[in-house]
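Now for the letters of each chain:
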Amino acid sequence: MSSLTCVLRIAATALAIGSAGGFAAAIAAEPNERPCNDDAMIVFDASGSMAGNVGQGIATTIPRIDEARHALAEVLPSATKFRRVGLITYGPGPYQQCNVHLDLEPTANAGAIIMRTVNALTPGGRTPLTSAVQQAATVLDYQHKPGVIVVVTDGEETCGGAPCDLGKELHAAAKQLTIHVIGYRVKDFSWTGEQSILDVRCLAEQNGGLYIAAESKEDLIEALRKTLDCPMVTQRDSPASSQSYLDIIRVASQGALRRPNP
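Keep in mind the model is a prediction, meaning the values are calculated, not measured. (Residues numbered from 1 in each chain as written. Predicted model: local features only at pLDDT ≥ 70, side-chain atom pairs only at ≥ 80, totals over all residues. Heavy atoms only, no water.)

> What's the story with the state of the cysteines in this structure? I'm lost.
Cysteine pairs can be linked by a disulfide, which is a covalent bond between their two sulfur atoms. A complete count under the given rule lists two disulfides for this structure. Here Cys98 pairs with Cys159 through a disulfide, and the sulfurs are 2.0 Å apart. Of note, the bridge from Cys98 to Cys159 carries an S-S torsion of about -95 degrees and is left-handed in sense. With Cys98 in the loop between strand E2 (85-90) and strand E3 (100-107) and Cys159 in the loop between strand E4 (146-153) and helix H5 (163-173), this residue pair connects regions lying 61 residues apart in the sequence. Overall, Cys98 belongs to the partly exposed group, its relative accessible area being 39%. Owing to a relative accessible area of 25%, Cys159 belongs among the partly exposed residues under this scheme. Across the disulfide, Cys164 is cross-linked to Cys202 (sulfur-sulfur distance 1.8 Å). Measuring handedness by torsion sign, the sulfur bridge of Cys164 and Cys202 sits at about 45 degrees and is right-handed. Here Cys164 is found in helix H5, whereas its partner Cys202 is found in helix H6 (residues 197-205), with 38 residues between them in sequence. Across the pair, exposure class does not vary: Cys164 and Cys202 are buried alike. (Disulfide = S-S within 2.5 Å. Helix = DSSP H or I, 4+ residues; strand = E, 2+ residues; numbered from the N terminus. Buried < 20%, exposed > 50% of the residue type's maximum accessible area, 1.4 Å probe, protein only.)

> Which parts of the structure should I look at to understand the sheet that holds strand E1 (residues 40-45)?
Sheet strands associate in pairs through backbone hydrogen bonding, adopting either a parallel or an antiparallel arrangement. Strands sit in the order E3-E2-E1-E4-E5-E6 across an open sheet of six strands; the sheet is mixed. The open sheet is flanked by E3 and strand E6 (211-214), the only strands paired with a single partner. Shown here is a sheet whose adjacent strand axes are inclined to one another by a mean of 15 degrees, direction ignored. Judged from the eight bridges that link them, E4 and strand E5 (residues 176-184) form a sheet pairing that is parallel. Following the sheet pairing, Thr153 is matched in E5 by Gly183. (Pairing = 2+ DSSP bridges. Axes fitted to C-alpha atoms, helices over the stretch in contact; angles between N-to-C directions.)

> I tried to follow unusual backbone geometry on my own but got confused; where do I start?
Glycine aside, a negative phi is what most residues show, and trans is what most peptide bonds show. The backbone of Asn109 shows a phi angle near 50 degrees, a positive value even though the residue is not glycine. Summarising the element assignment, Asn109 is placed in the loop between E3 and helix H3 (111-119). Residue class for Asn109 comes out exposed when judged on its relative accessible area of 58%. One non-glycine residue with positive phi stands out, namely Asp141, at about 55 degrees. In this fold, Asp141 is placed in the loop between helix H4 (129-139) and E4. A residue is classified by how much of its surface remains accessible, and Asp141, at 30% relative accessible area, is partly exposed.

Okay, here's the thing in structure tokens:
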């Protein structure tokens, strides 16, 4: 058998192994991965508590909302490459009002638009979280289309809504709706709301989502990456594996060129 034939056989074997391995890895990972191109709505807390100190909720020069802004600015550029994203805010404006505002329906490449809106918010009102999530689900046409809602909040519902009950209602009627809740600095601290933070956790659990407690800006960034971004894309890409197969072929061909035919 000639050296060239050996090289060709080695190359074919290496590529076959690589393809089979990649295919097997994709099949193994598929059941645990959800598509990351479904439309998403961010429900962003701009209630009065978000103007408070990152530790104690009192007015300082380092408000909680700034940490949330920085985290969004870090994640949105990559997240909006893969999916259309919209924004609902609640709480900004006059003190003690239960206002909810649809700022943006799901839009392609929406990162800059969302950040302009979030950066302009002045926290001041209460926390109509339930109403905001309901509106986000409606915008996503949740009864007919799959969608994702990511709630960023630092406290409980304070406008009389029942997040857990809403979670059950949405789950019963939705085509495929996932709700994630990121609770920012709620550990060992509770605002005086009618519903406990456990009720907000229930909202996520009822709809196949995550409840993630974040205690720092870095935690917020990681939580947003897990819920809004699309980490599975980089996991599926395996340039290192592809390179290793090419290296096998290169080394084999070099050996064949150096060795004379008998």
